[in-house]
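Chain residues, written in single-letter form:
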Amino acid sequence: MSIKNLFALIVIIGLQFSLFATDIWGPTGHRTIGEIASEHITRKTRKKIEKLLNGQSLAFISTYADEIKSDKKFRKYSPWHYVNFPFDSDYEHSHKNKKGDLITGINSCIKILKDKTSSKNDKVFHLKMLVHLIGDLHQPLHVGRAADKGGNTIQVQWFGKGTNLHHVWDIDMITQWEMSYTELAKTRNKLTKIQIKNYQKGKLIDWVLESQTLAKKVYASVKPGYKLKYKYSYLHLQTVRIQLQKGGLRLAKVLNDIFK
Ligand code: ADE
Ligand code: ZN
Ligand code: ZN
């Protein structure tokens, strides 16, 4: 093989990794959810969390679960970031990932945080995981199809650059909007108390099904190879922003229930 071809091969392999290895709401999405949640927790919850996190903010620790992915020691937590089950079936009756998923992950965190016998270290770790996972739950493609890894294998273009559908929803739309997480949180929709309560209603499985319903729409919004730009953001950024807001409000609800 010529040097030129070898170089091309390395670039192609590198590109594949960079496109398939991602499965995260980007840091900005997670931090926005943490920031919104911190404005909706009770004083009591805030006090208990401040103690556990030594004063670090929910926004700051929201990305921890992605940071540890590069450490082999934490590999067993990777399946916690998403859940896939067929769109025509329900979670209960579908084949489960024996290594866990977004639902078992969130439930494990809640259980450990509620358990009076858990160590502080265990509580801190699972609080950081929980803050992140409630965020992931609100990225519709984290409740997408197994066959395409939640859109990770659906190649599209974003302003002329190769990416994939999952990445567009995790990161590309948010990045193109060019707002910091504090700006995203500050400019969220103004809601009445009743609207907030309505978003916070329901159980974990209801929120999962809501994300899956959204995922169907996301899949219907593109075909492989589509060249996405302004029009796509125009149509879908509002959905992203509402998901971030719901994620923050529901995270606050979950935390208030744990630390009440
Ligand atoms: N990230 C990696 N695999 C995934 C999947 N199957 N669904 C959603 N996100 C993923
Ligand atoms: Zn994640
Ligand atoms: Zn993701």
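Just above, that's the structure.
So, here is what we can say about the structure in this document. Not measured: the values here are computed from a predicted model.

**Here's the deal with the coordination of the zinc ion (ligand 2)**
Tetrahedral coordination by four donors sets the ideal angle at the metal to 109.5 degrees; octahedral coordination by six donors sets it to 90 or 180 degrees.
Link 1 in the chain: Of the protein atoms, only H81 (ND1), H132 (NE2) and D136 (OD) coordinate the zinc ion (ligand 2), at distances of 2.0 to 2.1 Å.
Link 2 in the chain: Here the donor residues of the zinc ion (ligand 2) are spaced in sequence according to H-x50-H-x3-D.
Link 3 in the chain: A spacing of 5.8 Å is found between the zinc ion (ligand 2) and the zinc ion (ligand 3). Taken together, the residues span about one helical turn, with H132 and D136 both in helix 7 (residues 120-137) at a distance of four residues.
Link 4 in the chain: Residue classification places H132 among the buried positions, given a relative accessible area of 0%.
Link 5 in the chain: Residue D136 is classed as buried on the basis of its relative accessible area of 0%.

**Remarks on the environment of R188**
Link 1 in the chain: Among the secondary structure elements, R188 is positioned in the loop between helix 9 (181-186) and helix 10 (193-200).
Link 2 in the chain: R188 sits 44 residues away from Y232 along the chain, and the two C-alpha atoms are 20 Å apart.
Link 3 in the chain: If sequence neighbours within four positions are ignored, R188 has contacts with I36, E39, H40, R241 and Q245.
Link 4 in the chain: Within the local environment of R188, its side chain forms a polar contact with the backbone oxygen of A185, the two atoms lying 2.6 Å apart.

**Quick notes on unusual backbone geometry**
Link 1 in the chain: For K149, which is not glycine, the phi dihedral falls at a positive 50 degrees.
Link 2 in the chain: If you trace the backbone, K149 turns up in the loop between helix 7 and strand 1 (155-158).
Link 3 in the chain: Look at K149 and you get exposed, because its relative accessible area is 57%.
Link 4 in the chain: The phi dihedral of E178 falls on the positive side, at around 55 degrees, and the residue is not glycine.
Link 5 in the chain: Residue position: E178 is located in the loop between helix 8 (165-177) and helix 9.
Link 6 in the chain: Its relative accessible area of 70% is what places E178 among the exposed residues.

**Overview of helix 12 (residues 230-258)**
Every α-helix winds through 3.6 residues per turn, so residues three or four apart in the chain are directed the same way.
Link 1 in the chain: Helix length check: helix 12, at 29 residues, gives a terminal C-alpha distance of 41 Å against a target of 42 Å (1.5 Å per residue), a fit within 8%.
Link 2 in the chain: Residue H236 marks the point of greatest curvature in helix 12, where the axis turns by about 45 degrees.

**So, the layout of surface pockets**
Link 1 in the chain: Approximately 270 Å³ is the volume found for the second largest pocket.
Link 2 in the chain: The wall of the second largest pocket is formed by K48, K51, L52, L113, K114, D115, K116, K120, K123, I258, F259 and K260.
Link 3 in the chain: If you list the elements that add at least two residues to the lining of the second largest pocket, you get helix 3 (43-52), helix 6 (102-114) and helix 7.

**Observations regarding the packing of aromatic side chains**
Link 1 in the chain: Evaluation of the coordinates by the stated rule reveals 10 aromatic pairs.
Link 2 in the chain: A ring pair is formed by W169 and Y232, whose centres lie 6.4 Å apart and whose planes are at 85 degrees; its orientation type is edge-to-face. Separated by 63 residues along the polypeptide, W169 in helix 8 and Y232 in helix 12 bring together distant segments of the chain.
Link 3 in the chain: Overall, W169 belongs to the buried group, its relative accessible area being 1%.
Link 4 in the chain: A network of ring pairs unites the aromatic residues Y64, F74, Y77, W80 and F125 as a single cluster.
Link 5 in the chain: Positioned above the aromatic ring of Y91 is the side chain of K96, whose terminal nitrogen or guanidinium carbon lies 4.9 Å from the ring centre.
Link 6 in the chain: Over the face of the ring belonging to Y219 we find R145, whose NZ or CZ atom lies 3.7 Å from the ring centre.

**Let's talk about the side chain of Q200**
Link 1 in the chain: Structurally, Q200 can be placed in helix 10.
Link 2 in the chain: Using a relative accessible area of 14% as the deciding quantity, one classes Q200 as buried.
Link 3 in the chain: Here the side chain of Q200 touches L249 through a polar contact of 2.9 Å, landing on its backbone oxygen.
Link 4 in the chain: Not counting the four nearest positions on each side in its chain, Q200 is found in contact with W207, L249, R250, A252 and K253.

Cut-off values and rules
- Residues numbered from 1 in each chain as written.
- Chains lettered and ligands numbered in written order.
- Predicted model: local features only at pLDDT ≥ 70, side-chain atom pairs only at ≥ 80, totals over all residues.
- Heavy atoms only, no water.
- Donors = N, O, S within 2.8 Å, 3.2 Å for Na, K, Ca; no water.
- Helix = DSSP H or I, 4+ residues; strand = E, 2+ residues; numbered from the N terminus.
- Buried < 20%, exposed > 50% of the residue type's maximum accessible area, 1.4 Å probe, protein only.
- Contact = heavy atoms within 4.5 Å.
- Polar contact = N/O pair within 3.5 Å; in protein donor to acceptor, adjacent residues only side chain to side chain.
- Expected span 1.5 Å × (residues − 1).
- Bend = angle between axes of the 7 residues up to and from the residue.
- 1 Å grid on protein atoms, 1.4 Å probe; cavity = no way out; pocket = protein on both sides within 12 Å on 5 of 7 lines; lining within 4 Å.
- Points joined across faces, edges and corners; volume = space filled by probe spheres on them.
- Phe/Tyr/Trp six-rings, centres within 6.5 Å; stacked < 30°, edge-to-face > 60°.
- Lys NZ or Arg CZ within 6 Å of the ring centre and 35° of its normal.

Any link to function would need more than the numbers given here.
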